[in-house]
Structures are given as C-alpha cells and as structure tokens.
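The lines below spell out each chain.
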Amino acid sequence: MTDREIPKTFDPADIESRWYAHWEESGAFRPDRPDAEPFTIVIPPPNVTGSLHMGHALDNTLQDVLIRYQRMRGRDALWVVGTDHAGIATQMVVERRLAADGVKRTDMMRAEFETKVWDWKEESGGTITTQLRRLGASCDWSNERFTMDDGLSKAVRKVFVDLYDKGLIYRDKRLVNWDPKFKTAISDLEVETREVNGRFWHMTYPLADGSGALSVATTRPETMLADMAVAVHPDDDRYRAMVGKMVKLPITGREIPIVTDEHADPELGSGAVKITPGHDFNDFDVGKRAGIVPADMLNMFDDEARIVQTSDGLIPNAYLGLSREDARKALVAELEETGALERVEDRTIQAPYGDRSGVVIEPWLTDQWYVDAETLAKPAMAAVRSGETKFVPATWEKTYFNWMENIQPWCISRQLWWGHQIPAWYDADGNVFVADDAEAAQRKAGEGAALTRDPDVLDTWFSSGLWPFSTLGWPDETAMLEKHYPTDVLVTGFDIIFFWVARMMMQGIEFTGKAPFHTVYCHGLVRAADGQKMSKSKGNTVDPLGIIDKYGADALRFTMTAMESQGRDIKLDERRIEGYRNFATKLWNAARFAQGYGIGASQTYAPPSATSAVNRWIIGETIRTAQALDGAIAEYRFDSFAGTAYHFAWDRFCDWYLELIKPVLQGEDEAAKEETKAVAGWVLDQILVMLHPVMPFITEELWHKMGPRPYDLIHAKWVAADAHHVEEDAAREVDWLIDLIGAIRSSRSELNVPAGAKLPLHVRDASAETAARLGRNTAMIERLARAEGISTAAAPEGGSAQIVLGEATYIIPLEGVIDLAAERARLTKNAEAAEKEIKSIEGRLGNPKFREKAKPEVVVETEEKLVERKAEAERLRAALTRLG
RNA sequence: GGGCGCGUAGCUCAGCGGUAGAGCACUGCCUUCACACGGCAGGGGUCCCAAGUUCGAACCUUGGCGCGCCCA
C-alpha cells in the first residue's frame, strides 16, 4: 500500500494524535498573517485543577469551529488559551495532598505553601490543556497564560491600585457570607440557597420591668445569644404600648429594646421578631436603622462558627466553644426547662450553602475589601444597550440587565493563601496604604513606618475579569493588544454570565474604554440522555475522553456542533455520537471510492469547467451549501452548520452524485470521464474544507490522502461562495432526474418487484424537453432505476406499473408479474392524495378575500400548484383506466 | 414573590404567518463491484388546551394546564 492509499478501515486514534502533533509543531494554529484582519477569541479559562468534562467539550468545540472557519477565510485567527488559578479549589487540592502525608497547611510558612502549590501546578496542572489537545482545539499554545503568571499578576495589582485610587475599591466592615469550612469570605454568587426541612421555634421574651412578655419566633434559636433588639411593625397595634420598653433575654439576661421596623411582618408568627444584627443580613439593616453601628454589633461566632463570648460577656460559659448545632440543642433544652419555649413547628426554610464547601454559610461581621460594582455596572449595561456588545441568543440580555440593575457591592477579599495577595499595607495604627509593591507603599507611608501586608488574596474572578486584555499584554501597550482587543466572540455557558461575563464587561470597559467582545454566545448545559444534570455524585457523567477513544474526536465534535441550537440544553445520547461516527466512516469510504477511480486532489480553487448537467448541478449545490454555511456561522447557528454540511456530503454527494457518475466513470467517453473526475475531485475537496471546522482530523487526513498538497487543510481557503456558478437549468434537470428515479424506485418497491430485476421503461406523452433529458441521462436512469432500455414506443399490452411525473407517464411492463390489485391501490392512493390537495387549494382560491389580500406571488404560486396537481390527478386516473 | 424559558413523529430536536421536517428508533426488501458504521423503499404527528387577530396560525395575542431554570 502506498502512503496515499486510503486504508479500508477508518481508525480515528491514529490519525488524531498524528495530525495534532503536526499542527502544533508546525505552528499551524497561529500562521503569520500580519496584514490579515484579526479574529480573536479568548477561552473561558478552565480551572487549573480541572479535567475535561462534557461542558468543556461543547464550549471548546464551538470556539474551535469558529476559529478554524475564520482561519480558513484568511483572518488572523487567534484563540487565546490558558488556565485559571482557582483559589479555593486549588488550595483544597494541595491541602488534601499534604494531609495525606500528615502535614497541615498551617504547619508551614505561607511562602512554603505557595511553593507546594506551584510544584503541584507544574506536575498536574497541565491535565486539562493536554485534554483540550485531544479534542482538537486549535489554540495558540505559544502564548498560553495562567492567571497567576507575572504579567497577569501585574495587571491585577494595577487594577486594584487604580480602582482604590478612584474610590471604587474600599474596605468596609459589614456582614459577609462566611464559609466556616474554608474560613474565608465568599461572594453572594458563591452561595446557593437550598430548601431544607427546618423548624420554627416560638420563644417567650419577658419584659425587663416585669409587666409582661412577648413571643418571638425564629428558625435559628441559638442566635438569641447575640440578640440586640426585638422589632415590631410600626402599625402593629398589639405592641404599641410595649415599643420603647426593654426585654430581658432568657439565658444571657441581656436587656434589649423593643423597636419598630417595617421589616417585622405582622402576619408572621406573633408579629414580633428578634434582631441579631451581627448574624443575619436583614437584622443587620434593622440594627443600623435602630442606630447600632456595625462596630458595636455583637458577635457570637469564631471563624469556624463555634460560640465565642460576646463583648458584653453575657453568654454562659457552658455554651462557649460549642458548634452551631450543639449550641442549638443545648439552648433549646434550656429554654424548654425554664418554660421559655412555647412551641416548635416544622417548616421548610431556605438555607445558604457554600457552593464549594457544601456547609451552611454564616453571615459574619468582618472587615473585607469591596468593589463598587454599582458604579462599574453602569457603563457595562450601556455597552449592551447600545449594541456594542450583543448576546446571542438575545434573551440573555435580560438576565444580564436584571442582575446588573440589582448589583450589590462585590466582596473581593478571600482568607486564603493561594491567589493574588492584596497590595495593601497597614501601619501600626491601622492606616492602609495601597500600592503596586512594598517599596511604593513604604514611600506613601513615609520612612520608618512599620508596614504589614494584608494577608488576604483576591477573589479568583477578580483576575479572570481581566482575562480578555491581561492575556494580550495589558497594562503594557503591546502589538497583540493593539491588534486583537476588543476580541470578537466570547463563547460560554449562560451559568457564568454573572460570575464572569459581567465582570469582564465592567473591568474591560473601565480599563480599556471598550467592551471586551462584540458578541457573547451563550450555550446551554450538557445533560445526560434522560435530561438529568450530569454530576459526579449521581454517577451519570460521560467522560469526553472515553467518547473520543470509542468514536473519535471528530464524532464528538460533530455531535456537539449538531446539537447546539442557540442555548438550549443538550441531552446527550451516545447513539447520536455513534451516528456521527458513522458519518465520518461514510466520508472515508466516499474518498476511498473516489480514489479508486483515479479522482484526486483538485488542481484549481475555482470550480472546473463542466458541461454535463450532473457536474454543473453538483458544482451549484456546492456553492449553495457554502453560502448556507456562511449564513449559519454569521447567525451562530451551529446546528444548521453541521446539518447542512452533513446533508450535502451524505445525501447530495454520496447518495446522488457519486451514484450518478458511476456510469460515466465506468464508461468509454474519455472526455466526459476527465471532466467528471475533475469535478468530483473539486467537490470532494470542498467537502473536506467545509467539514474541517467541525471534523478537523479526518478531513486533514483525507486531504493529504487524495494527493500532494501545497499546504495543510487547516490553512486551505474556504469555499468561494460565488453565485455565478449556480446554474438553474442544470439544477432543474437533475432535480427531474432524481424525481424520476425516485418515483420508479417507489413503485417497484411497492409492487414488490425483485430488487435486482432489470425491466424496460416506456414513456408516453413526453415533451421534447423530457425526451432530450431522457436521451442525455439514459445510462444513469438505467443504472439507478434498474431499467433496461428506455423507449418512446407504445408499451406492450398487459399489466404494467405506471408512473406519472410532470407531463409524461412512464410505464414498466410487468406482464404476469404484476399484482394488479396492488398497482391499482397504489395509483388510487396517489390520485386521492392529489385530489385532496386540489380540493384544499380550490377552497383557498375560491375565497375572494384570499385573492384580494394575500401577497400576489402567493396567489400565483397557488394557482400554478393547482394546475400541476390537476394534471397529475388526471394522468393518474388515466393510468388507472388503462389498467382496467 | 419577581424574572426567563420550554411543551411539534416512539425518543432527541429544527421550523416561528402560506397548510409539517431532520437524526435516531421502527417496518419491508437488498451480502448491487466505496461503505451492512451500508443501500433502497416505507409507516408514523387533533404541532399541550381554549379563545382571539388574520384571506390563512405549529408560528402572532390573551388565558389556562404541565415542566424546567435563575433571582429574592
């Protein structure tokens, strides 16, 4: 076997590894095109701890389709790639590894721990980037970035310092979402609210002056240890006399005021509500309205949510050190004993959980760094309103606006060791100096001031929000930045519009003056075949690498592309992947067939000249297909892109064109043969080009198998969609040919004519044009319709199958073989179908309002259709009469 | 409670004003010289329900019913 001969079986694994290595080594992903128009995508950076899952497979396939398409169209296509340092996730992974050796993070110095993380990153941080290569992603690996590398860290420091100087970053004492497992603050977005079965405890709070008592209810009784007030609604008459009096809390004996506040819901419980400003977001606001400043708010938890003494020292020692759960038990028991517990009811409650830790989040009063998101959100919203950035599908704009309009200050400090340490230093008096580095901070603080750096790090999303420009070199004014920013499209899941897209918009506009991309394409989630969300805990995840091993990366990519219909979730059924693997095999075999007849690499970019209808038709179909593909990409209709290419390659090219040219290839007419081989070679090349963005491996392999090439397919020119080559007369002739063959095949099949039987074909009432067409296409009709001789002479007497098509009737004598009843039934069925339609069309045309108001061309079309259908019905009835 | 979205063939989904399509599954025939991971032919749908707009509605409007997601 020569090295160009296509093997009988298609083995994706061999091809994939070979071509990916070749592309990467030859720099094919980033050809030097200094003068070309840029096309730029930044990858949503996967977590450095991660491994490839189906969501990545979808997201990156779509990006690669766009990048490869634009690269073939001659653009200077750049796909910026890299990973995200994933603060909490990475710290967890490394801590777990250390724990296996019996070492705790807190046993070592911070710098030492950071070294361990970097070591881990060197060792296993590349997992996902290796896996992206297996998918075929044509990223620019030569410029691979990491959110913690020097350049990106520099960008982070600059952004922090600048925002601080502009007053858009500030330090504040307020309640945060505290994760007691990881012992860090987290942002609102990292909290998920879950419905859980809880309880509602009703307790009696006596008045301090002994004049009575009131009842309060709570889902978290243990927080009464830090209660600072009881609130009632200002309009609630029941409590009017009590407002301003003091309550003496059970257990602590703390005396707290009864205040009025709109927050108290008269309908809920007794209408009186306990206020714990240090441990509840609503109560924090009520407390502030009641005049309690945050610094005075009582705190009863340590960083692990264990009970600590409040500043007034009133919590009994027995409670100190207890967990939230144990404290609740002990407290409820004590209340019950003293008779202060009235009743307990079951209730579904909404409880906050950390999305990574899975533990209940504690609202906790701490000093943290905040971004003034409200200010940054304004231009970010304006950019979408003005159309500078548009969402596809557009419906996500509503989600974006909805969130942006109600945006809260963004807590960006995290009590972790892994991440960008906040560039802020404090002097002995607690004054803060924000600067790019220690020296600059010292200059600000003045000589001699003893400075300590803030130990906290920044939220990972703070640095990934800079990704579209920090990866291109910002804050330096690099050529890359100049040419490739703003980027073109961001392709991502709708689930991180808030986390990431919104933040890139805010930071991008603030620091570059321009929105980071003109289009945000949001896709859905990849779900299991039954529609369930894939999750490790359910055990229903599908590993993309396993799929690639089994069916090939091209099949997986094709599936992802074909199923992506603008944001709808994808229910992934493995049979679908199998189907597209079959498509790859089909393409492989079509190329083998072509090669077997001496069809090879096309010599021209433009379509070869052609005289036969079939050749001119397939050229036109190719152009039409390319136009449809261009349209699909322009509208981000990935499903339509894949479907169009699939149907062209399989239905048009394999099932019709290759079958129609077999008689020519096997025939004697050398000129016709040469023309056909040239056209077939050209069309096959265009198919490889058109499929390359979706199926890069098999197409590149076949591209080279078909003959010597001046360049790899990855750099081939996209099909020139020049409408000049679409020839209507050839299209009409071949459409007629296909209809005729189809009609003959149908009747043969319905009449149970043995598949192999070759039967003569008689034609009556043929027009001159039909006769000419029959003459030109005899060999094809004979082969594909299993005919033997086509004659305009009258058919012999006796039973026959009759096919009505256009003005002519085609007769296949089946004397002695035909089942007359079956043929009568067939013709009757067809006649009735036509008559039913005639009736419906006549109904419409008979309505004067239709003629009056419908578009004229619709009326004309309808009239033409009526004429056709009537003629068809007449001929079918005539055929029935002849049958007797 | 606020917002978004979805109900079309057995399954998964396109279509979103001119009278219903695809893939898979299903049925029959074919070991036809590229391919059985194939070829040919075929069956299958009150387009969730109701009312309205329109010459005409799966498509637009309103209201139901069912399901999902996001934010409180």
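Residues numbered from 1 in each chain as written. Chains lettered and ligands numbered in written order. Predicted model: local features only at pLDDT ≥ 70, side-chain atom pairs only at ≥ 80, totals over all residues. Heavy atoms only, no water.

Asks: Go over the pattern of salt bridges, please, and point to the residues and values.
Replies: Considering all chains together, one arrives at 56 salt bridges under this definition. With a closest N to O distance of 2.6 Å, Asp312 and Arg254 form a salt bridge. Of this pair, Asp312 sits in the loop between α7 (281–289) and α8 (324–338) while Arg254 sits in the loop between β10 (246–248) and β11 (255–260), and the two are 58 residues apart along the sequence. In this structure, a network of salt bridges that share partners links the residues Arg220, Glu222, Arg324, Arg328 and Glu362. (Salt bridge = Lys/Arg side-chain N within 4 Å of Asp/Glu carboxyl O. Helix = DSSP H or I, 4+ residues; strand = E, 2+ residues; numbered from the N terminus.)

Asks: If you had to explain the UniProt feature "domain: Aminoacyl-tRNA synthetase class Ia" (unreviewed entry) in chain A to someone new, which residues and values would you point to?
Replies: Residues annotated by UniProt as "domain: Aminoacyl-tRNA synthetase class Ia" (unreviewed entry) correspond here to residues 19–573. Between the C-alpha atoms that bound residues 19–573 the distance is 28 Å, and the span itself is 33% helix and 23% strand. (UniProt positions renumbered as here; feature names shortened; annotations may be inferred.)

Asks: Account for helix α10 (residues 396–405), naming residues and giving values.
Replies: When we look at burial in α10, the residues that qualify are Trp396, Tyr400, Phe401, Trp403 and Met404. The buried residues of α10 occupy one face: seen down the axis, they fall within an arc of 170 degrees. (Buried < 20%, exposed > 50% of the residue type's maximum accessible area, 1.4 Å probe, protein only. Arc of directions from axis to C-beta.)

Asks: So, the sheet that holds strand β14 (residues 362–371): which residues are in play, and what are the values?
Replies: One open sheet holds the four strands; their spatial order is β6-β5-β14-β16, and the pairing between them is antiparallel. Looking at the sheet topology across the chains shown, the edges are occupied by β6 (184–186) and β16 (410–411). Where strand β5 (residues 169–179) meets β6, three bridges bridge the pair, whose relative direction is antiparallel. Bridge pairing in β6 links Trp178 to Ala185. (Pairing = 2+ DSSP bridges.)

Asks: Hey, could you go over the layout of surface pockets for me, with residue numbers and the actual values?
Replies: As a volume, the second largest pocket reaches approximately 1400 Å³. For the second largest pocket, the lining is made up of 46 residues, of which Thr219, Arg220, Asp280, Ile349 and Gln350 are closest to its centre. (1 Å grid on protein atoms, 1.4 Å probe; cavity = no way out; pocket = protein on both sides within 12 Å on 5 of 7 lines; lining within 4 Å. Points joined across faces, edges and corners; volume = space filled by probe spheres on them.)

Asks: Report on a negative patch on the surface, specifying residues and quantitative values.
Replies: Residues Glu857, Glu861, Glu864 and Glu868 make up a contiguous surface patch of negative charge. Mapped onto the secondary structure, Glu868 falls in helix α28 (residues 856–883). (Patch = residues over 30% accessible without salt bridge, like charges linked within 9 Å, V, L, I, M, F, W, Y side chains within 5 Å. Areas by Shrake-Rupley, 256 points an atom, 1.4 Å probe, with all protein chains shown as cover. Lys, Arg positive; Asp, Glu negative; His and termini not counted. Charge placed at Lys NZ, Arg CZ, Asp CG, Glu CD.)

Asks: Describe helix α6 (residues 150–165), listing the residues and the values that go with them.
Replies: In this model, α6 (16 residues) spans 22 Å end to end at C-alpha, consistent with the 22 Å of a helix rising 1.5 Å per residue. Where α6 is concerned, the buried positions are Leu152, Ser153, Ala155, Val156, Val159, Phe160, Val161 and Leu163. Just beyond α6, the residue with positive phi is Gly167, at close to 80 degrees. (Expected span 1.5 Å × (residues − 1).)

Asks: I'd love a proper account of the environment of His420, names of residues and values included.
Replies: On the secondary structure map, His420 appears in the loop between β17 (413–414) and β18 (424–426). Taking the C-alpha atoms as reference points, His420 and Leu751, 331 residues apart in sequence, are found 77 Å from one another. From its side chain, His420 meets the backbone oxygen of Thr147 in a polar contact 2.8 Å long. (Polar contact = N/O pair within 3.5 Å; in protein donor to acceptor, adjacent residues only side chain to side chain.)

Asks: So what's going on with the packing of helix α19 (residues 613–634) against helix α20 (residues 638–665)? Which residues, and what values?
Replies: Between two packed helices, both the angle of their axes relative to each other and the distance between the axes serve to describe the pair. Relative to each other, α19 and α20 sit at 175 degrees, their axes nearing to 9 Å. If you check the angle between α19 and α20, you find them roughly antiparallel. Facing α19, whose interface residues are Val614, Asn615, Trp617, Ile618, Glu621, Thr622, Thr625, Ala628, Leu629, Ala632 and Ile633, α20 presents Ser640, Phe641, Thr644, Ala645, Phe648, Arg652, Phe653, Trp656, Tyr657, Leu660 and Ile661. Here the contact of α19 with α20 is built from residues that sort into 15 nonpolar, five polar and two charged. (Axes fitted to C-alpha atoms, helices over the stretch in contact; angles between N-to-C directions. Parallel < 35°, antiparallel > 145°, perpendicular 65-115°, else oblique. Contact = heavy atoms within 4.5 Å. Nonpolar A, V, L, I, M, F, W, Y, C, P; charged D, E, K, R; others polar.)

Asks: Residue-level account of the protein's contact with RNA strand B, with values.
Replies: Around RNA strand B, 40 residues are found, and the nearest of them are Arg568, Thr585, Trp650, Arg844 and Lys853. Here the atoms of RNA strand B within 4 Å of the protein split so that 65% fall in sugar or phosphate, with bases taking the remainder. The side chain of Thr585 places a nitrogen or oxygen atom 2.6 Å from a base oxygen of RNA strand B. At 3.5 Å from a base nitrogen of RNA strand B is found a main-chain nitrogen or oxygen belonging to Cys654. Sorting elements by how many residues they give to the surface near RNA strand B places helix α18 (residues 574–596) first, with nine residues. Along the lines of polarity and charge, the residues of the surface near RNA strand B split into eleven nonpolar, nine polar and 20 charged. (Near = heavy atom within 4 Å.)

Asks: Provide a residue-level description of unusual backbone geometry, including the pertinent values.
Replies: Residues other than glycine predominantly adopt negative phi, and peptide bonds predominantly adopt the trans conformation. Here Val392 and Pro393 are connected by a cis peptide whose omega angle stands at -5 degrees. By the secondary structure assignment, Pro393 is in the loop between β15 (390–392) and α10. The peptide bond linking Tyr485 to Pro486 adopts the cis configuration, its omega dihedral lying at 0 degrees. Among the secondary structure elements, Pro486 is positioned in the loop between α14 (479–484) and β22 (487–493). If you check the backbone angles, Lys183 has positive phi at about 55 degrees while not being a glycine. Following the sequence through the fold, Lys183 ends up in the loop between β5 and β6. Given the relative accessible area of 33%, Lys183 is considered partly exposed. Of note in this structure, Ala305 is not a glycine but carries a positive phi near 65 degrees. Within the secondary structure, Ala305 is located in the loop between α7 and α8. For Ala305, a relative accessible area of 3% puts it in the buried group.

Asks: Break down the domain arrangement of chain A for me, citing the residues and quoting the values.
Replies: Entries for chain A in the domain assignment read domain 1 (184–362), domain 2 (582–726) and domain 3 (731–883). The centre of domain 1, based on its C-alpha atoms, is set 73 Å off from the matching centre of domain 2. (Domains from an automatic or database assignment.)

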